[in-house]
Amino acid sequence: MADDVNERAPVETGDADEDVRGPDWTRLDWLCVTLITLAGGLVRFIGLGDAKGQMFDEVYYARDACLYAGQPSSVCGIASPENYVHPPLGKWLIAGGIRVFGHNEIGWRVAAAIAGTLTILLLYLLARKILRSTFGASLASGLLAMDLLAFVQSRVSMLDVFVPLFGVAMFLFLAYDRDRLAALAVERANWRPWRLAAGVAAGAAVATKWSGVFFLVAAIAINVIWEVAARRRSGEGRPLRRALAEEGPAIVAWLVLVPALVYVATYIGRVDGSVLALPWGDGSWFHNLFEEQRRALDYHWQLEARHPYESPPWSWILLKRPVAYYVAPDSPEGFIGSITALGSPLVWWSFLPALVFTVWAWMRRRDFLGPEGLILAGVAFTYLPWLLLSSDRSAVFIFYLLPVVPFMCLALAYCFVRLGRSIEARAATALFMAGAVGLFVFYYPLLVGTVLPYESWERRLLFNSEEACEKPPGEPTTTTAGEARVRTVETTNRDSLPPRGWCWL
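Residues numbered from 1 in each chain as written. Predicted model: local features only at pLDDT ≥ 70, side-chain atom pairs only at ≥ 80, totals over all residues. Heavy atoms only, no water.

**Remarks on the overall build of the protein chain**
For the protein chain, the helix and strand inventory stands at 17 helices and 6 strands. Taking all 505 residues of the protein chain together, the buried fraction comes to 54%. Carbon and sulfur atoms form 62% of the exposed surface of the protein chain, whose accessible area is close to 22600 Å². (Helix = DSSP H or I, 4+ residues; strand = E, 2+ residues; numbered from the N terminus. Buried < 20%, exposed > 50% of the residue type's maximum accessible area, 1.4 Å probe, protein only. Areas by Shrake-Rupley, 256 points an atom, 1.4 Å probe, with all protein chains shown as cover.)

**Focus: the packing of aromatic side chains**
Using the criterion set out here, one finds 34 aromatic pairs in the structure. For the ring pair Phe151 and Tyr444, a centre distance of 5.9 Å and an interplane angle of 45° mean the geometry is tilted. Of this pair, Phe151 sits in helix H7 (residues 148-153) while Tyr444 sits in helix H16 (residues 423-448), and the two are 293 residues apart along the sequence. Pairwise contacts between aromatic rings join Phe56, Phe214, Trp316, Tyr325, Tyr383, Trp386, Phe397, Phe399 and Tyr400 into one cluster. For Arg178, the ring lying beneath its charged end belongs to Trp226, and the centroid distance is 5.7 Å. (Phe/Tyr/Trp six-rings, centres within 6.5 Å; stacked < 30°, edge-to-face > 60°. Lys NZ or Arg CZ within 6 Å of the ring centre and 35° of its normal.)

**Some details on empty space enclosed by the protein**
Think of a ball as big as a water molecule: rolled over the atoms, this probe shows where empty space is left. Under the defined criterion, the tally for this structure stands at 5 cavities of 30 Å³ or more. The space that makes up the second largest cavity amounts to roughly 70 Å³. Mapped by element, the contributors of at least two residues to the lining of the second largest cavity are helix H5 (105-131) and helix H15 (405-418). By residue class, the composition of the lining of the second largest cavity is 7 nonpolar, 3 polar and 1 charged. (1 Å grid on protein atoms, 1.4 Å probe; cavity = no way out; pocket = protein on both sides within 12 Å on 5 of 7 lines; lining within 4 Å. Points joined across faces, edges and corners; volume = space filled by probe spheres on them. Nonpolar A, V, L, I, M, F, W, Y, C, P; charged D, E, K, R; others polar.)

**Description of the nonpolar core**
Counting 140 residues, the largest nonpolar core has Phe171 and Tyr325 as the members making the most contacts within it. For Tyr325, the contacting residues outside a window of four places in its chain are Met55, Phe56, Val152, Gln153, Val156, Met158, Ile339, Ala341 and Phe399. (Core = buried A, V, L, I, M, F, W, Y, C linked by side-chain atoms within 4.5 Å. Contact = heavy atoms within 4.5 Å.)

**Focus: the pattern of salt bridges**
When their charged atoms lie close together, side chains carrying opposite charge are able to pair. In this structure the tally under the stated criterion is 14 salt bridges. Between Arg192 and Glu247 there is a salt bridge, and its shortest N-O distance comes to 3.5 Å. Here Arg192, found in the loop between helix H8 (162-184) and helix H9 (193-208), pairs with Glu247, found in helix H11 (residues 239-265); they are 55 residues apart in sequence, far enough to count as distant. Connected through shared salt-bridge partners, Asp177, Arg192, Arg195, Glu227 and Glu247 make up one network. (Salt bridge = Lys/Arg side-chain N within 4 Å of Asp/Glu carboxyl O.)

**A few points about the environment of Thr134**
Among the structural elements, Thr134 can be located in helix H6 (residues 134-145). For the pair Thr134 and Trp25, spaced 109 residues apart in sequence, the C-alpha separation works out to 8.4 Å.

**Considerations on H11**
Between its first and last C-alpha, H11 extends 36 Å over 27 residues, near the 39 Å set by a 1.5 Å rise per residue. Helix geometry: H11 is bent most strongly at Glu247, by close to 55°, with proline Pro249 lying one to four residues after it. The complete set of buried residues in H11 reads Pro239, Arg242, Ala243, Glu247, Gly248, Ile251, Leu255, Val258, Pro259, Val262 and Tyr263. (Expected span 1.5 Å × (residues − 1). Bend = angle between axes of the 7 residues up to and from the residue.)

**Some details on helix H2 (residues 58-68)**
Burial of H2 is extensive: 9 of the 11 residues sit out of reach of the surface. Among the residues of H2, those classed as buried are Glu58, Tyr61, Ala62, Arg63, Asp64, Ala65, Cys66, Leu67 and Tyr68. Close packing links the buried residues of H2 with helix H3 (73-76), helix H4 (89-101) and H5. Within two residues after H2, Gly70 carries a phi angle of roughly 85°, on the positive side.

**Some thoughts on the packing of H6 against H15**
It is at 8 Å that the axes of H6 and H15 come closest, and there the two elements cross at 145°. Here H6 and H15 pass one another in a crossing that is right-handed. Side by side, H6 and H15 meet where Phe135, Gly136, Leu139, Ala140, Leu143 and Leu144 of the first sit next to Val405, Pro406, Cys409, Leu410, Leu412, Ala413, Phe416 and Val417 of the second. A breakdown of the residues in the contact of H6 with H15 according to their chemical character gives 13 nonpolar, 1 polar and no charged. (Axes fitted to C-alpha atoms, helices over the stretch in contact; angles between N-to-C directions. Left-handed = near helix turned anticlockwise from the far one by under 90°.)

**A word on the packing of H5 against H6**
Where H5 contacts H6, the axes come no closer than 8 Å and their chain directions differ by 150°. Between H5 and H6, the angle is such that the two are roughly antiparallel. Here H5 runs over H6; the crossing is right-handed. Along its contact with H5, which presents Thr119, Ile120, Leu123, Tyr124, Ala127, Arg128 and Leu131, the element H6 presents Thr134, Gly136, Ala137, Ser138, Ala140, Ser141, Leu144 and Ala145. Residue composition of the contact of H5 with H6, grouped by class: 9 nonpolar, 5 polar and 1 charged. (Parallel < 35°, antiparallel > 145°, perpendicular 65-115°, else oblique.)

**Quick look at the side chain of Asp29**
Tracing the sequence through the fold places Asp29 in helix H1 (residues 27-45). Of the residues examined, Asp29 reaches a relative accessible area of 0% and is grouped as buried. In this structure the side chain of Asp29 is engaged in a polar contact, spanning 2.9 Å, whose partner is the side chain of Arg128. With residues near it in sequence (within four places) discarded, Asp29 still touches Asp24, Tyr124, Arg128 and Thr134. (Polar contact = N/O pair within 3.5 Å; in protein donor to acceptor, adjacent residues only side chain to side chain.)

**A short note on the state of the cysteines**
Under the defined criterion, the tally for this structure stands at 2 disulfides. Residue pairing for Cys469: its cysteine sulfur links by disulfide to Cys503, the two sulfurs lying 2.0 Å apart. Because the torsion about its S-S bond is 105°, the bridge between Cys469 and Cys503 counts as right-handed. Here the residue Cys469 occupies a position in the loop between helix H17 (454-459) and strand S5 (476-481), and Cys503 occupies one in the segment after strand S6 (484-490), the gap between them amounting to 34 residues. Like Cys503, Cys469 is buried. Cysteine pairing in the protein chain follows 1-2, 3-4, where each cysteine in a disulfide is numbered by its order in the sequence. (Disulfide = S-S within 2.5 Å.)

**Digging into the confidence of the model for the protein chain**
Of the residues in the protein chain, 88% reach a pLDDT of 70 or more, and the chain-wide mean stands at 85. Here S6 stands out as the element of the protein chain with the lowest mean pLDDT, 41, in contrast to H7, whose mean of 97 is the highest. With pLDDT under 50 throughout, residues 1-22 is counted as low confidence; its partners more than four residues away or in other chains account for 63 contacts. This stretch, residues 479-492, has a pLDDT under 50; its non-local contacts, to residues over four places away or in other chains, come to 18 contacts. (pLDDT = per-residue confidence, 0-100.)

Following this line, the structure appears as structure tokens:
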């Protein structure tokens, strides 16, 4: 099996880029990863507490985390945790910041800033591992460091920033696990520590938000595909059956049972009951845990509420409807300041042709162990489920795309590495990165709540026509009592409905 997954440079770009590709970690890598991570972290921490009060969904997570941190209800503003629709891990992490800095803007946002910074570091390591390129790793992590959505989510006390942190870690551990097999030079490895680490990371993603299960499914699928591909290359028959027979129990242990244990462990201290009671008894801790899951599932399954900032999943990359988290209070007349979750038009829209190129490159090689497969798996497993499952669901937002963003950056970096190191390629790369930096600077005031003259603020809104931002007419709603429908009325309040078209207001 070692011969099947031997170490090789998977990005085939020819002699033109031999100067930027190599198997070994170098001093230049230390310099690049340090500078990019520090720069990305610095901009995330500067002014972290400037936006006063709890903005957008901080009102749910910061207050719950305050109780998790052991603060009294008089400080937290609630008597008991109110948000039961998501697992506890993200709120535990936010609570860590509150324990250190107190129940204030810094305290409830610092964990998100740390998570966003660590994701930059992990993406550099992942890109360096699969692209075998210092240049490519610098591009990928640099794009993430100044991605508009990743930046905003790193400065707000919400759960979403923790999911890509654990997801990128999971992909990195899978890549290490694949390469470790080659180093062992044996047919099978009974002890797979990186596969175990991937299971822990995937479990942490699910324990933050249920959407983290997309990463868990990706881990299982990637492992099965890799094992099948390795056995197919050996030339022996029935590779799928052999893979499942030889590695199936280990995959179940490390990528099903371990994540389940991680998930359950995050509820310790949040669910009452006796662990010694019969699991199905009313006083059992496990019974109460099950009831928590059922209650959350009922909420998500029956969710029909509308929100003015919701947008369909197909439109997220196209930037149809950003989300305004915060409007600066007491701004002078004619001035406005806001914090808005949006993406860079240059980077996000460029990702679409980069994705097409990555698919084309994978189709040519059909190499499941190469970088194209991991990049496409990252995009497919984090985005396609929303396209397939959320077409009719309300209250989905552009920031749900955050777990996809690291793989968008990876796809773009992969394409620029494949361009080679000709003068034209270097010029194209420099021009693109200059544009990405320029747009980050241009939109920075909308990311941190800087108070601007209204005209200057409005110039940054790409789509804000009166026609596009017009609200739709009221929708029919049904009021029910028990099982009996009692009346149907026309909604007259349109505040909860999103605009008709592309609208950034």
